Amino acid sequence: MALALFVTVMQVQGTVAKVAIEGAPRPLADFGNLGYALLAVSGLVLAVRRRWPVPVFVTAALASLVYYGLDFPDGPGWLGLFVALYTLAAYGDGRRSLVVAGVGTTVLAVGWLVAAADIEPRAAIGWVFFRIGASVMSAALGESVRSRRVIAAEAQERAELAERTREEEARARVDAERLRIAREVHDTVAHAIAIINVQSGVTAHVLDKRPDVAREALQAIEQTSSRALREMRAILGVLRDDDNGRVPYPGLGQIDELAAKAREAGLDIKLEETAPATALPSAVGSAAYRILQESITNVIRHVGPTRVTIALNPGNDALEIRVIDEGRRAAPGAADPHLPAQHQISTGGSARPGRGILGMRERCQLLGGELDAKPTPGGGFEVRARLPLAPTGSPL
């Protein structure tokens, strides 16, 4: 409102002062003080310029056309029009506002030039071109301000989006790490408990009759539980700020130890391993170890003592893994001579894959590989995995 009053006073007072010095062909008081009214209207209308920029510009433009068309004296009566043009471009909606400003300026230029056709002296026509140029500059300045404001708003929006994206990525990494830790803990604990379960059953069965076998079973339980605790400390060590007590995650370098533990649990392990031409990526080695561990755990848990063939074939672009068990050796319903009755499993290895198969398949998929698990014609079960040597992700 203050700007509107200031412009109105400047237009009226400036024009009156110029007329007092230079005179005028038509006094502002003609037609019932129409000249004063037009100067006042084009100034006061600026009070609502930001709310209705287009109507304000149209009003100021019409007032200017009528003012100069009736040959009222020249003066600073164009201030309100220039402010209206600037506001239209600066606070409008871009292209539409520019079109309105361009069309309006063109109409004004034509009207001003027609009104100044017989102006005397001819040098005074320079003020007409000044009004035309100033109108164009006002619109250009307003568009520049609007563009800067839009660019700043877009930059702010991009910064906020980037910040949200970073937060989402951070949360996703935290969730992925939690899931990875959960997978590692599951694989480690499930394997250890399966072996401990078998060995404790053996211990309970032969404790009185064969103390030496019971002692060996108890030693196997101690070693298995100790190793499981070490692995869990290594897995959960990522939750600490320091590296104290951490050890590398298991890989194919520990496959012989894994096979030895499986043999102690009653499995007849046959290992067919081909040395890789180059060292395997740690992600592939860790995932392969966990797949073998889970496969052996499933055999111990669901089948019992049997023959298991493990084949590792590292190719040029992928590591192929096969784990095949021959199924239960005893006939259905028969008791295993080495375990008490409560430890016999009445269903074969092909009856149910369980959550372990899903976990192994997820590990393969995260590395861009694939896994197939299915019963064999002889009553056993086969797990076949293929892990690319250039993994697309990291194992969980």
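For the structure, check the block above.
Basis of the calculations
- Residues numbered from 1 in each chain as written.
- Predicted model: local features only at pLDDT ≥ 70, side-chain atom pairs only at ≥ 80, totals over all residues.
- Heavy atoms only, no water.
- Axes fitted to C-alpha atoms, helices over the stretch in contact; angles between N-to-C directions.
- Helix = DSSP H or I, 4+ residues; strand = E, 2+ residues; numbered from the N terminus.
- Parallel < 35°, antiparallel > 145°, perpendicular 65-115°, else oblique.
- Left-handed = near helix turned anticlockwise from the far one by under 90°.
- Contact = heavy atoms within 4.5 Å.
- Nonpolar A, V, L, I, M, F, W, Y, C, P; charged D, E, K, R; others polar.
- Patch = residues over 30% accessible without salt bridge, like charges linked within 9 Å, V, L, I, M, F, W, Y side chains within 5 Å.
- Areas by Shrake-Rupley, 256 points an atom, 1.4 Å probe, with all protein chains shown as cover.
- Salt bridge = Lys/Arg side-chain N within 4 Å of Asp/Glu carboxyl O.
- Buried < 20%, exposed > 50% of the residue type's maximum accessible area, 1.4 Å probe, protein only.
- Core = buried A, V, L, I, M, F, W, Y, C linked by side-chain atoms within 4.5 Å.
- Pairing = 2+ DSSP bridges.
- Phe/Tyr/Trp six-rings, centres within 6.5 Å; stacked < 30°, edge-to-face > 60°.
- Lys NZ or Arg CZ within 6 Å of the ring centre and 35° of its normal.
- Expected span 1.5 Å × (residues − 1).

So, on to the packing of helix H2 (residues 30-44) against helix H3 (residues 53-69). In contact at an axis separation of 9 Å, H2 and H3 are set at 155° when each is read in the N-to-C sense. For the element pair H2 / H3, the angle class is roughly antiparallel. The crossing of H2 and H3 is left-handed. Facing H2, whose interface residues are Gly-35, Leu-38, Leu-39, Val-41 and Ser-42, H3 presents Thr-59, Ala-60, Ala-63, Val-66 and Tyr-67. Of the residues contributing to the contact of H2 with H3, the split by class is seven nonpolar, three polar and no charged.

Turning next to a nonpolar patch on the surface. Taken together, the side chains of Met-1, Leu-5 and Leu-44 define a hydrophobic patch exposed on the protein surface, amounting to about 300 Å² of accessible area. The class for Leu-5 is partly exposed, based on a relative accessible area of 43%.

Another point: unusual backbone geometry. Backbone geometry at Asn-33 places phi at a positive 60°, although glycine is not the residue there. Along the chain, Asn-33 turns up in helix H2. Phi angles above zero are rare outside glycine, and Asp-71 is one such case at about 65°. Positionally, Asp-71 belongs in the loop between H3 and helix H4 (79-91). What makes Asp-71 partly exposed here is its relative accessible area of 40%.

Ranked by internal contacts, the top residues of the largest apolar core, which has 39 residues, are Leu-292, Ile-321, Leu-371 and Leu-387. Contributing elements (two or more residues each) for this core: helix H6 (126-206), helix H8 (255-264), helix H9 (282-302), strand S2 (307-314), strand S3 (318-325), helix H10 (354-366), strand S4 (370-375) and strand S5 (381-388). Those residues in contact with Leu-371 that lie beyond four places of it in its chain are Ile-291, Ile-357, Met-360, Arg-361, Cys-364, Val-383, Arg-384 and Ala-385. One finds Leu-38, Phe-57, Leu-85 and Val-128 within the second-largest nonpolar core, a separate group that totals 31 residues.

If you walk across this open sheet you meet the five strands as S1-S2-S3-S5-S4, and the pairing is mixed. Strands at the two margins of the open sheet, each flanked by one partner only, are strand S1 (268-273) and S4. Looking at each pair of strands side by side, their axes are set apart by 10° on average, direction ignored. In this structure, S2 lies alongside S3, joined through seven bridges in antiparallel fashion. In the sheet register, Val-308 faces S3, and the bridge partner there is Asp-325. Set on the sheet, H8 makes contact with S1 and S2; between it and S1 the angle comes to about 160°.

This paragraph deals with the packing of aromatic side chains. Within the structure shown, the criterion is met by eight aromatic pairs. Here the aromatic residues Phe-31, Tyr-67, Tyr-68, Phe-72 and Trp-112 are joined through ring pairs into a cluster of three or more. Taking NZ or CZ as reference, Lys-18 lies 5.1 Å from the ring centre of Trp-127, over its face. The ring of Tyr-68 carries Arg-131 above its face, with NZ or CZ at 3.8 Å from the centroid.

Okay, the pattern of salt bridges next. Counted according to the given criterion, the structure contains 11 salt bridges. Of the charged contacts, one joins Arg-166 and Glu-163 as a salt bridge, the two residues approaching to 2.5 Å between their closest N and O atoms. With Arg-166 and Glu-163 both in helix H6 and three residues apart, the pair spans about one turn of that helix. Of the residues examined, Arg-166 reaches a relative accessible area of 46% and is grouped as partly exposed. Across the pair Glu-382 and Arg-322 runs a salt bridge, and its minimum N-O distance is 3.3 Å. Within this pair, whereas Glu-382 is found in strand S5, its partner Arg-322 is found in strand S3, the two being separated by 60 residues in sequence. Judged by its relative accessible area of 10%, Glu-382 falls in the buried class. Overlapping salt bridges, with partners in common, bring together Asp-268, Arg-307 and Glu-326 in one network.

Further remarks concern the pairing of S2. The element S2 is extensively covered by neighbouring structure, given that six of its eight residues are classed as buried. Sheet analysis places S1 next to S2, joined by six bridges and oriented parallel. Counterpart to Glu-273 in the pairing with S2 is Leu-312. Between S2 and S3, which follow one another and run antiparallel, lie three residues.

It is worth spelling out H9 at this point. At 3.6 residues per turn, the α-helix brings residues three or four places apart onto the same side. Along its 21 residues, H9 runs 30 Å from first to last C-alpha, staying within 8% of the 30 Å computed at 1.5 Å per residue. Within H9, 19 of the 21 residues are buried, leaving the element largely enclosed by the surrounding structure. Note on H9: the residue one or two positions beyond its end, Gly-304, has a positive phi of about 95°.

Purely geometric stuff here, so don't read any function into it on its own.
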